[in-house]
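Letter by letter, the chains look like this.
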Amino acid sequence: MFAVVYAAEGSSCETLLGVARDFSPRVETCGEREVTLDLDGLTRLFGDAKTIAGELRRTAADRGLRVRIAIAGTRAAARLLVRDRAGITIVESGDEPAALEDLRIELLEIFEPRTPEPANRRTGEPANRRTPEPANPRTATLRRWGLRTLGDLARLPPDEVAARLGQDGVEWQRLARGDDPAPLVPSVPEERFEQAMDLEWPIDGLEPLSFVLARLMEPLSAHLERRDRGAAVLHVRLHLVTREVHERSLQLPAPMRDARTLRTLALLDLESHPPAAAIDRVVVAVDPTPGRVVQFSLLARPLPSPEQLSTLMARLTALMGEDRCGSAVTVDSWEPGAFEMRRFAPEEGMGDRGSGIKNLRIPDPGSRIPAVAVRRFRFPVAARVTVDRGMPIRVTSDRRGLNGGKVEAHAGPWRASGGWWIDDRVKSWERDEWDVTLSDGATYRVFRERDTDAWFIEGVVD
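Along each chain, residues carry numbers from 1 onward, in the same order as the chain's sequence is written. Local features are withheld for residues below a pLDDT of 70 in this predicted model, meaning they are given only at 70 or higher, and side-chain atom pairs are given and counted only at 80 or more; totals for whole chains, interfaces and linings count all residues. The side-chain quantities take in all heavy atoms of the structure and omit both hydrogens and water.

J.: In this structure, what is going on with the overall build of the protein? I would like to understand it.
T.: For the protein, the count of helices and strands is 11 helices and 17 strands. Residues classed as buried in the protein amount to 35% of the 462 residues present. Between two residues, a contact is recorded if the distance between any of their heavy atoms is within 4.5 Å. Counted over contacts in the protein with a minimum sequence separation of 6, partners at least 24 positions apart contribute 59%. As presented, the protein carries roughly 29,700 Å² of accessible surface, and 49% of it is formed by carbon and sulfur atoms. Strands here are runs of E lasting at least two residues and helices are runs of H or I lasting at least four, both read from the DSSP assignment and numbered beginning at the N terminus. Throughout this description, buried means an accessible area under 20% of the type-specific maximum (1.4 Å probe, protein chains only), exposed means over 50%, and partly exposed covers the range between. Here, Shrake-Rupley sampling with a 1.4 Å probe gives the accessible areas, and only protein chains in the shown set may cover a residue.

J.: Please clarify how unusual backbone geometry should be interpreted in this entry.
T.: Most peptide bonds take the trans configuration, and most residues that are not glycine carry a negative phi. For the bond running from G412 to P413, omega is 0°, close enough to zero to count as cis. Tracing the chain through its elements places P413 in strand 14 (residues 405-418). At R243, a residue that is not glycine, the phi angle is positive and equals roughly 75°. Tracing the backbone shows R243 in the loop between strand 7 (229-240) and strand 8 (245-256).

J.: Please explain the packing of aromatic side chains as it appears in this structure.
T.: The geometry of an aromatic ring pair is captured by two quantities: the separation of the ring centres and the angle between the planes. Stacked, tilted and edge-to-face are the three classes assigned to paired rings of Phe, Tyr and Trp, where Trp is represented by its six-membered ring and a pair needs centres within 6.5 Å; plane angles under 30 degrees give stacked, over 60 edge-to-face, the rest tilted. Across all of its chains, the model carries two aromatic pairs by this definition. Ring geometry for F23 and F46: centres 5.1 Å apart, planes at 40°, overall tilted. One end of the pair, F23, is in the loop between helix 1 (13-21) and strand 2 (27-31); the other, F46, is in helix 2 (residues 43-46), and 23 residues separate them in sequence. Counting as a charge over the ring demands two things of the Lys NZ or Arg CZ atom: a distance within 6 Å of the ring centre and an angle within 35 degrees of the ring normal. One cation-aromatic arrangement involves R431 over F447; the distance from NZ or CZ to the ring centre is 3.7 Å.

J.: Explanation requested: the pairing of strand 3 (residues 34-38) in the structure shown.
T.: On a regular strand, each side chain points to the face opposite its neighbour's, so the side chains alternate between the two faces of the sheet. Among the five residues in strand 3, five count as buried, and that is most of the element. Of the two faces of strand 3, the one lined by E34, T36 and D38 and the one lined by V35 and L37 are each fully buried. Strand pairing is defined by DSSP finding a minimum of two bridges between the two strands. A loop of two residues connects strand 2 with strand 3, the two strands running antiparallel in sequence.

J.: Honestly, the packing of helix 9 (residues 206-226) against helix 10 (residues 259-272) in this entry has me stumped. Any pointers?
T.: Each pair of packed helices can be summarised by the angle the axes make with each other and by the distance between the axes. To obtain each axis, a line is fitted to C-alpha atoms, and for helices this fit is confined to the stretch in contact; angles are then taken between N-to-C directions over 0 to 180 degrees. Running from amino to carboxyl end, helix 9 crosses helix 10 at an angle of 145°, the nearest separation of the two axes being 9 Å. The element helix 9 and its partner helix 10 pack so that their crossing is right-handed. Along its contact with helix 9, which presents L206, L209, S210, L213, A214, M217, E218 and S221, the element helix 10 presents A259, L262, R263, A266, L267, L270 and E271. Here the nonpolar group is Ala, Val, Leu, Ile, Met, Phe, Trp, Tyr, Cys and Pro; Asp, Glu, Lys and Arg are the charged ones; every other residue, Gly included, is treated as polar. Split by residue class, the contact of helix 9 with helix 10 holds 10 nonpolar, two polar and three charged. Crossing handedness is defined as follows: a turn of the near helix away from the far one that is anticlockwise and smaller than a right angle gives a left-handed crossing, while the clockwise case is right-handed.

J.: Teacher, can you tell me more about the nonpolar core here?
T.: Nonpolar side chains tend toward joint burial in soluble globular proteins. Core analysis: the largest hydrophobic core is formed by 32 residues, its most contacted members being L209, M217, L234, L238, V282 and V284. Elements represented by at least two residues in this core include exactly strand 6 (194-203), helix 9, strand 7, strand 8, helix 10 and strand 9 (279-290). Not counting chain neighbours up to four residues away, the residues in contact with M217 comprise L234, A259, L262, R263, A266 and V284. Formed by 26 residues, the second largest nonpolar core is a distinct cluster that contains L81, V91, L147 and L175. Throughout, nonpolar core names a set of buried Ala, Val, Leu, Ile, Met, Phe, Trp, Tyr and Cys residues whose side chains join them through atoms within 4.5 Å.

J.: What should I look at first to understand helix 10 in this one?
T.: Expected helix span is computed as 1.5 Å times (number of residues minus one). The terminal C-alpha atoms of helix 10 lie 21 Å apart, and with 14 residues this matches the ideal 20 Å at 1.5 Å per residue to within 8%. Within helix 10, 10 of the 14 residues are buried, which leaves the element mostly enclosed by the surrounding structure. Buried within helix 10 we find A259, T261, L262, T264, L265, A266, L267, L268, D269 and L270.

J.: Can you walk me through the sheet that holds strand 1 (residues 2-7) in this structure?
T.: Within a beta sheet, neighbouring strands are joined by backbone hydrogen bonds and run either parallel or antiparallel to one another. As summarised here, the arrangement of the five strands in space is 2-3-1-4-5, forming an open sheet in which the pairing is mixed. Two strands close off the open sheet at either side, each with one partner strand: strand 2 and strand 5 (88-90). The mean angle between the axes of side-by-side strands here comes to 15°, regardless of whether they run parallel or antiparallel. Note that strand 1 and strand 3 share five bridges and pair antiparallel.

J.: Could you clarify how one ought to interpret the side chain of R431 in this entry?
T.: Tracing the backbone through its elements, the reader meets R431 in strand 15 (residues 429-438). The buried category is assigned to R431, whose relative accessible area is 9%. There is a polar contact of 2.7 Å between the side chain of R431 and the side chain of E458. With sequence-adjacent residues up to four places away left out, R431 is seen in contact with P336, W414, R415, A416, F447, R448, E449, R450 and E458. What qualifies as a polar contact is a pair of N or O atoms within 3.5 Å, subject to a donor-acceptor requirement within protein and to the restriction that residues adjacent in sequence count only when both atoms come from side chains.

J.: Explain helix 6 (residues 137-144) to me, please; I cannot follow it from the model alone.
T.: Counting along an α-helix, one turn takes 3.6 residues, and residues three or four places apart therefore face a common direction. Along helix 6, the residues classified as buried are R138, T139, T141 and L142. For helix 6, the angular spread of buried residues about the axis comes to 160°, placing them on one side. In this structure, helix 6 carries P137 and R144 as exposed residues pointing more than 90 degrees from its buried face. In this structure, the buried side of helix 6 is in contact with helix 7 (150-154) and helix 8 (158-176). Trailing helix 6 by a residue or two, G146 shows a phi angle of about 90°, which is positive. Note that the arc is computed from the directions linking the helix axis to the C-beta atoms.

J.: In this structure, what is going on with the confidence of the model for the protein? I would like to understand it.
T.: Interpretation of the predicted coordinates at a detailed level should be avoided for regions scoring low in pLDDT. pLDDT is a per-residue confidence score from the predictor, ranging from 0 to 100. Averaged over every residue, the pLDDT of the protein is 81; the share at 70 or more is 85%. Within the model, pLDDT remains below 50 along residues 348-360, and this stretch shows eight contacts once partners closer than five positions in the same chain are excluded.

Okay, structure coming up:
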């Protein structure tokens, strides 16, 4: 048995859903003012169908709702009856075709999907508010055939209806008999994954806050595990004694629900961004996402778990700073050594050392073109260069291992510049590069900054 509750115009959908869920956990939303309840098994709790309908109407009235209620063996029959009859309507299972026989055929239009009306740009109201809504083409066709009631449509031969109206016409004929087109799909209530605690005495410092976070993370982790969900974003809201709210949000690299890991990440973030006053209320919430399914490969080495990786990155970020931890990636610039930091997110298979071998280009031993590589220094080494007629003739440095010497051969200069289009003069650069071979047999890449006339050794050419 199914019950359909149809509320009067202006009723709150949330209130109507609350009334329905007080009686049955299987509730489907059919519109802004209409819900369907599955009454299977409720007779032992509330009594027969008439008693259930009376309790539904009484509960809705207590919450300020004026409703119609129809109970039938199928949802389609109950929806059609509740639109036509006021008060309470009860139809026994199997009597749906007879109960629907005299209903208007236009009621079948409630099963048609409706598109929102275009709004007027000036007033914001529907553009065709004063214009009567055009009749459904299928309803107009049935009217021309002389059909007025659902019983007239239900008695037609199904083959003849399919030949003239197609499969949609057959669906309407089944609805006219009270048959359900699909099973009931319960509306899942929105779950809030949130825990809060009001403190008796304000706390100040991370050590007492860690105990409070531990008490909040445990039930939150259990709730996520019961629903097979993981935390995608962690929100921590600290209500201070100054009436301010200190809120932090952490974007997690992978769905996780380990209580200790979530607490550690929250504490490390608050260590870098501490609250300005004592705390008297703590709220922890997460944005849920489907749980992580881990399938390891037999051909690649396993990576650390996301919980371990997130904790390590959070500790490094708290120690070094937010812009100093992550993955270094090159930027679209001609400036040597230019890079930026991005969030560290290793891909599957990166633990396999042999996975990148196929991408390496091994030079052909018979090729006449030698393979040249420059081993750059992390920071260029300052050097003293003697210049004759604009060309370096001697290079010396105070760094151990770079003895320097007379320039035996050289190539260059290659002039490079960038950042001159930026107003900030600090970000602009201009330099001349040389490859020099010294008397000690080593070949170096050296360059001169044109604005300061300073020389540096950038790396060793192998």
